[in-house]
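# Results of the structural survey
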Amino acid sequence: MAEHSAPDHKHRPAANSAAPLHSRAGAGGGLSGGLSQPAGWQSLLSFTILFLAWLAGFSSRLFAVIRFESIIHEFDPWFNYRSTHHLASHGFYEFLNWFDERAWYPLGRIVGGTVYPGLMVTAGLIHWILNMLNVTVHIRDVCVFLAPVFSGLTAISTFLLTRELWNQGAGLLAACFIAIVPGYISRSVAGSFDNEGIAIFALQFTYYLWVSAWGGYVFIINLIPLHVFVLLLMQRYSRRVYIGVFALLQAYAFLQYLRDRLTKQEFQTLFFLGVSLAAGTVFLSVIYLTYTVALYAISAVYFAGVMVRLMLTLTPVVCMLSAIAFSNVFERYLGDDMKRENPPIEDSSDEDDKRNPGNLYDKAGKVRKHVSEQEKTEEGLGPNIKNIVTMLMLMLLMMFAVHCTWVTSNAYSSPSVVLASYNHDGTRNILDDFREAYYWLRQNTDEHARVMSWWDYGYQIAGMANRTTLVDNNTWNNSHIALVGKAMSSNESAAYEIMRSLDVDYVLIIFGGVIGYSGDDINKFLWMVRIAEGEHPKDIRESDYFTPQGEFRVDKAGSPTLLNCLMYKMSYYRFGEMQLDFRTPPGFDRTRNAEIGNKDIKFKHLEEAFTSEHWLVRIYKVKQLDNRETLDHKPRVTNIVPKQKYLSKKTSKRKRGYIKNKLILKKGKRPNRKTV
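Since the model is a prediction, treat every value here as computed from it, not as a measurement.

## A closer look at helix 22 (residues 458-465)
With respect to burial, helix 22 is a largely interior element, seven of its eight residues being buried. Along helix 22, the positions that sit buried rather than exposed are Gly458, Tyr459, Gln460, Ile461, Ala462, Met464 and Ala465. If you follow the buried residues of helix 22, they end up packed against helix 5 (76-90), strand 2 (109-110), helix 21 (433-444), strand 5 (450-452), strand 6 (468-469) and strand 7 (506-510). Just beyond helix 22, the residue with positive phi is asparagine 466, at close to 55 degrees.

## Quick notes on the sheet that holds strand 7
Spatially, five strands are ordered 6-5-7-11-10 in an open sheet, and the strand pairing comes out mixed. For this open sheet the edge positions go to strand 6 and strand 10 (606-611), each flanked by a neighbour on one side alone.

## Details of the packing of aromatic side chains
Scanning all chains against the criterion turns up 24 aromatic pairs. Pairing phenylalanine 511 with phenylalanine 575 gives two aromatic rings, centres 5.2 Å apart and planes at 80 degrees, and the pair type is edge-to-face. Highlighted residues: phenylalanine 511 in the loop between strand 7 and helix 25 (521-535) and phenylalanine 575 in the loop between helix 27 (566-572) and strand 8 (588-589), separated in sequence by 64 residues. On the basis of relative accessible area, phenylalanine 575 is assigned to the buried category, the value being 0%. Three or more aromatic residues joined by ring pairs form one cluster here, namely Phe511, Tyr568, Tyr572, Phe575 and Trp615. Positioned over the ring face of tyrosine 105 is arginine 450, at 5.1 Å from the centre of the ring.

## Focus: the side chain of arginine 102
Of note, arginine 102 is situated in the loop between strand 1 (99-100) and strand 2. Accessibility expressed as a relative area gives 10% for arginine 102, which makes it buried. In terms of polar contacts, arginine 102 uses its side chain to reach the backbone carbonyl oxygen of asparagine 466, at 3.2 Å. Ignoring anything within four residues of it in the chain, the contact list for arginine 102 reads Arg82, Glu447, Asn466, Arg467, Thr468 and Thr469.

## Thoughts on the environment of glutamate 331
Following the sequence through the fold, glutamate 331 ends up in helix 17 (residues 311-341). Spatially, the C-alpha atom of glutamate 331 lies 9.3 Å from that of glycine 169, the residues being 162 residues apart in sequence.

## Points about the pattern of salt bridges
Inspection of every chain in the model, using the stated rule, returns 22 salt bridges. Across the pair arginine 140 and aspartate 141 runs a salt bridge, and its minimum N-O distance is 3.9 Å. According to the relative accessible area criterion, aspartate 141 is partly exposed, its value standing at 23%. For arginine 187, the salt bridge identified is with glutamate 196, shortest N-O distance 3.5 Å. Overall, the relative accessible area of 17% leaves glutamate 196 in the buried class. Because the salt bridges share partners, they merge into one network encompassing Glu69, Asp432 and Arg435.

About the criteria used
- Residues numbered from 1 in each chain as written.
- Predicted model: local features only at pLDDT ≥ 70, side-chain atom pairs only at ≥ 80, totals over all residues.
- Heavy atoms only, no water.
- Buried < 20%, exposed > 50% of the residue type's maximum accessible area, 1.4 Å probe, protein only.
- Helix = DSSP H or I, 4+ residues; strand = E, 2+ residues; numbered from the N terminus.
- Contact = heavy atoms within 4.5 Å.
- Pairing = 2+ DSSP bridges.
- Phe/Tyr/Trp six-rings, centres within 6.5 Å; stacked < 30°, edge-to-face > 60°.
- Lys NZ or Arg CZ within 6 Å of the ring centre and 35° of its normal.
- Polar contact = N/O pair within 3.5 Å; in protein donor to acceptor, adjacent residues only side chain to side chain.
- Salt bridge = Lys/Arg side-chain N within 4 Å of Asp/Glu carboxyl O.

The structure is reproduced here in structure tokens:
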């Protein structure tokens, strides 16, 4: 007995060691569940990777806050912040009925019915929850850090979607990719309080719910007859309901018509062909919809090609496809070693075959396994090739992480309202002209003062200066924008009439000729002209602002219409007296690299009110009408100086006066009677 039991006992550990990992963990030491199971370790590892991806994505979006401060970026986020502040201060009902009288003067704007409130409601809800938990935080800070927080949720939703479509390893890689990819960070840095900050998360999570709940279409289909039944009860029957719901009956009637017209054999052939075609269409549709990533990729590539800004929609699918590719490579070159460490359990009959290689007959019920050529080739991959490929993939991933960090730090972490320049020694200069000018407007102008500027700066003026604007970034009224463009493009007298009709108190412009800022109003001026010409073609013509050679120049060779328009005069007022350095003449524009052509600029209806430190923002006050308007013609001169000095002939004895230029009467001769 002992001799026979020993071999059996000797083979048990081998069988146990060859068993899968979960079988060994379940039999060891009486431990069950938790981290003793491979699933527990796998879940812990996945949770750790997702947490680190969230942390990396959140941290990489804080460069702007660390270098500058917690501030709202760009232009549109300022309107979103102002709306969210109104929501948090007055409540949701007042927000839905909010009429903004400080925008589009004198028209105003109905905010509640013209915005998508999802972003504002999300930030307001988070602010309300934090206050309920006695966590004191300003609504501005919630708006600043909303996008970085949701970037972590985007990573998790991308992981769930990729895992549902492929596997868990690809999902973890996709989560890490989308957490730091520049295409997504460009619209979700701290301070970028815009819809894209939460839209990508909502997009990815919606795709995940759609894919994971594939059978949900049955519920939607069942709602159709119920909806029609309710419409009939409400007496809202229409022809569209009949066409949409009873199309099947029409198809059946058409088949009955064909049956009456065709023979039985012809009808069967036609019916079989139609059913086959319908089945093939349904099959291809299902196959097409099953590959959600392919559908997502095609649509994302199309929208990204239409508009560069929509490259954001292409970023998630690129991260998912890249993660799938890397996952396959790692499984291909690292999975073989794992399989060799844990080979499958071999049957006892396989051991007998190894002992008796000369046995030419198989046992009943056994299927002999044949090794294919591909498996032989895979077994032939040496460790050197695997190590080289693995190292190349890891180096590529490290270079990708460094690239993403560098791009995020240098390209996407500078708020547009605060500029920075660097000296030769690497020190940094902060140019805070925008907030300086907006703060001046807030502190030194009347609460109801109306500021005219180009529409790019409307949201910032309303958000930071809290003053009434004529146009802003909503751009819903092209005629109103064209009127502002006409005022900027006209001469001072014509522009003054437009500004008086719009009750303008101040005019704000952006001028970058001193520091070389290329985004100023002179570079945008042609768009003002074109929009104004579209509404007022008789008064404004774009060709008048070009030279006869078709050039747009600000020097002496520039067009006289350009050199005398309001925008030119406001930009270069007193600039002709400024010499920036010894190498350039006075009035040298660093942005256009030219010496301005009109240095003797004087205003009649405007006066300079404020110019920022680096001349980036200039504000002019519109003068009121004079009490007495000046005459156009030359006034009559009353103090005529005589040619010779008059000497009086009066003396002490003779005090009679003397009439100057006394008329002299000449007596005529009497006519002779003879001549008559």
